[in-house]
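Summary of structural features
Listed below, chain by chain, are the residues.
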Amino acid sequence: MKAVLPVAGLGTRFLPVTKAVPKEMLPILDRPCIEYVVAEAVASGIDELVFVTARGKGAIEEYFDQAPALEATLEAAGKRELLCEVRRVAQLATVVSIRQASMKGLGHAVLTAAPAVGNHDFVVILPDDIVDAEVPVVRQLLDVHADTGGVVVALKEVPRADTRRYGICAGPMVRPDRMRIDHMVEKPRPEDAPSNLSIVGRYVLPGAIFEELRRTEPGAGGEIQLTDALARMPLAHGHVFSGAHFDTGNPVGLLGAALHFGTRHPVMGPAVRALAAKFAAN
Ligand code: UTP
């Protein structure tokens, strides 16, 4: 199965840094955000990735490519460990890139990947959502999908006051962590929201979604919304995943992820914990 990673967005919440650096390349400690989600895909059994990119996002492709000059320099200097790290990243997965010519929204970005995916089930991973979980969230969704078929999305409870920032789902819970979705709405006002369970950026989708996306008119924010196409699919389930979730699409969320992974890091952990304690004391 292939995973589509839409990375064409402008990342305005990170301006001005995103004038020159893709937000997906901003680091959590010593590796970019995008590597965390690629690692999740690989750990879930996926090794073919489709990046939906745009102008200015070339650093993402370079990161997952081989770097012969750098590798030769590290080899000549006897820096074996660094050389292994650099090579490891390039060997993580097979990457294909497709350009989204104009920013028409997440639904349009997913549709852009159609030629690389074909009429098969596939996974969509939004790199802004990083989850630290014992079983990777994509794997959790694929396991549900093996049971249910159809569309499967990751769900998380959010404060009701915040529903206008998310895609919201409603329907009967057929298990404690599984919803049979009969209602999806993008960015509803709190008073209109049918629940407080929001879609987090992980989806298992059938190839038929592309036909639905072609028919989808611009919705919330004037963008072609993936949620609007999903809402018309005949069968959809939501999985309330387990794991610690970070929205790294904004600076404070990224800092939270850095603290989470930093305080648990096998080498940097003690120094990060000491730093965090120092700031907590102030
Ligand atoms: P966001 O709504 O977070 O937009 O997109 P953004 O541009 O990335 O960030 P802000 O809001 O301006 O700070 C959600 C996901 O959809 C992708 C983004 O790259 C991100 O992964 N996307 C969005 C596209 O690939 N193309 C689009 O036209 C819109």
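Located above this text is the structure these notes cover.
Anyway, here's the lowdown on the structure attached to this text. These numbers were taken from a predicted model, which means no experiment stands behind them. Note that residues are indexed from 1 along each chain, following the sequence as it is written. Thresholds applied to this predicted model are a pLDDT of at least 70 for local features of residues and 80 or more for the giving and counting of side-chain atom pairs; totals over whole chains, interfaces and linings are not thresholded and use all residues. The basis for the side-chain values is all heavy atoms of the structure; hydrogens and waters are excluded.

Here strand β8 (residues 151-157) lies mainly inside the structure; 5 of its 7 residues are buried. Here 5 bridges tie β8 to strand β14 (residues 236-240), and the two strands are oriented parallel to one another. Within β14, the position partnered with Val152 by the bridge is His237. Two strands pair if DSSP finds at least two bridges between them. A helix here means a DSSP run of H or I that spans at least four residues, while a strand means a run of E at least two residues long, and both kinds are numbered starting from the N terminus. Relative to strand β13 (residues 197-205), β8 is paired through 6 bridges, and the arrangement is antiparallel. Pairing of Val152 across the sheet is with Val204, part of β13. Exposure categories follow from relative accessible area, calculated using a 1.4 Å probe and restricted to protein chains: below 20% of the type maximum is buried, above 50% is exposed, and the middle band is partly exposed.

Across soluble globular proteins, nonpolar side chains show a tendency to be buried alongside one another. Of all hydrophobic cores here, the largest spans 40 residues; its most connected members are Leu5, Ile28 and Ile34. With 6 residues, the single largest contributor to this core is helix α1 (residues 33-43). Note on contacts: a residue pair qualifies if any of its non-hydrogen atoms lie within 4.5 Å across the two residues. Apart from residues lying up to four places away in sequence, Leu5 is in contact with Ile34, Val37, Val38, Leu49, Val50, Phe51, Val52 and Ile125. Buried Ala, Val, Leu, Ile, Met, Phe, Trp, Tyr and Cys residues that are joined via side-chain atoms within 4.5 Å together make up what is termed a nonpolar core. Within the second largest apolar cluster, 33 residues are counted, among which are Val50, Val151, Leu213 and Ala236.

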